[in-house]
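Listed here are the chains, written in short residue letters.
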Amino acid sequence: MSTKGTVQKMIKGLYVHIPFCNSICGYCDFARCRYSSSLADKYLMHLEKELSEIKQDSFYTVYIGGGTPTSLNEKQLERLLEMLSRFKAEKEYTIEINPESFNREKALLIKKYGVNRVSIGIQSFNESLLAHMGRKHNSKDVDNTFRYLDEAGIKNRSIDLIFGFQTQSLANVITDLQKAVRLNVTHISIYDLEIYPNTIFGIKRYEKLDDETCFIMYQSIVEYLNLHGYRQYETSNFAFGRYQSQHNRLYWKYEDYKGVGLSASSKIRNIRTDNTKNFVDYLNDRYVAKTIRLSDEELIFEAIMMNLRMNEGIDIKEFDKRFNCNLLEKHHLAIEKNIAKGLLEVKSGFLKTTNKGIFVLNDILVDFMN
Ligand code: SF4
């Protein structure tokens, strides 16, 4: 996978979904299933077919996510990386890895095929909380993961963490952050737990911590990470120095991307395509479940929704030019109302959320729907 060349891309990002996991976490709402070697072989065969339909051979970013891509065995992982090797990733090539299914061979393989960034599913460093979540790794697996990445020379490492579990105190969250900072990771994503009805937690009617406690935790997280050099650039994302996720920035900047695999979505100009979440359909090459043509109004709303997730907010001039509109005029009621509430601000040509607003973005967006 080359990272050279600067041709203007029609589609900027390529996302590849691997739906297998070694175990299913209580809160998980993604398209995933338990790993089975024979099913994974079949899946890769159909994934290859879907990939063969892509005409463009170079993207700014390529991202392999899931599920757990490293639940594939070494042979399957190499097959996946080999089939993706015809695409160039000019800026960033990321794979999601989980400590319980990562080893030295897999680290060397991803390095060999040009992966230059990993996103590690840690969620917490606290083993009893990990068990509570239904995750299978322990601190030894985490230590080994970092050792294998060191040996392979992969230095751009992001980790995922979660907060909002009933058994979690603010001190627990800060301990997780301290460990993350000590590991010198380049990027931290920290998510506020959400309980979806169709998940294990949803079915058990698990209750997360209340909103007020979560908001206090969130403020402490932002403060702690800023203090340690991790600048918040999106609702749940913090980067050390220049290490923002280039792939996720494409989503938030509302650029075009192609998604491949079970449940993956694409947005290309005004067309959104959602792949099927049904395994049987996917294995019969019926990849696409839904195609929607977005109206100009829908494009504008989605762009506002995605752009406002970033701390930098919306570049008003650029936005007006792109969508041939006057944003401040078009949405003056929503903007004025939320500025008055201290949730939005207009500063140096950008419309953005305040520190308070970023945590209640969904409430703000309701006003933009009217
Ligand atoms: S490892 Fe990730 S994708 Fe798999 S079940 Fe857990 S949260 Fe879901």
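Refer to the structure printed above.
Report follows, based on the coordinates. No experiment lies behind these values; they were computed from the predicted model shown. (Residues numbered from 1 in each chain as written. Predicted model: local features only at pLDDT ≥ 70, side-chain atom pairs only at ≥ 80, totals over all residues. Heavy atoms only, no water.)

Once that is clear, we can look at the nonpolar core. L47, L80 and I159 are the most contacted members of the largest nonpolar core, which has 71 residues in total. No other element matches the seven residues that helix α8 (residues 211-227) contributes to this core. Those residues in contact with I159 that sit more than four places away from it in its chain are I120, I122, F125, F146, A180, V185, H187, I188 and S189. Judged by nonpolar contacts, the second largest core, of 28 residues, contains M306, I314, I335 and L344. (Core = buried A, V, L, I, M, F, W, Y, C linked by side-chain atoms within 4.5 Å. Buried < 20%, exposed > 50% of the residue type's maximum accessible area, 1.4 Å probe, protein only. Helix = DSSP H or I, 4+ residues; strand = E, 2+ residues; numbered from the N terminus. Contact = heavy atoms within 4.5 Å.)

Counted under the stated rule, the structure contains one cavity of 30 Å³ or more. Roughly 30 Å³ of internal volume is contained in the largest cavity. Surrounding the largest cavity, S124, F125, E127, L130, H137, N138, S139 and V142 form its lining. Listed by contribution, the elements that provide at least two residues to the lining of the largest cavity are α4 (127-133) and α5 (139-152). Per-class residue counts for the lining of the largest cavity are three nonpolar, four polar and one charged. (1 Å grid on protein atoms, 1.4 Å probe; cavity = no way out; pocket = protein on both sides within 12 Å on 5 of 7 lines; lining within 4 Å. Points joined across faces, edges and corners; volume = space filled by probe spheres on them. Nonpolar A, V, L, I, M, F, W, Y, C, P; charged D, E, K, R; others polar.)

For the rest of this paragraph, the subject is the site of the ligand. Taken together, C21, S23, I24, C25, Y27, C28, F30, R32, G67, T68, N98 and R135 make up the full set of residues near the ligand. Here the residues of the shell around the ligand sort into six nonpolar, four polar and two charged. (Near = heavy atom within 4 Å.)

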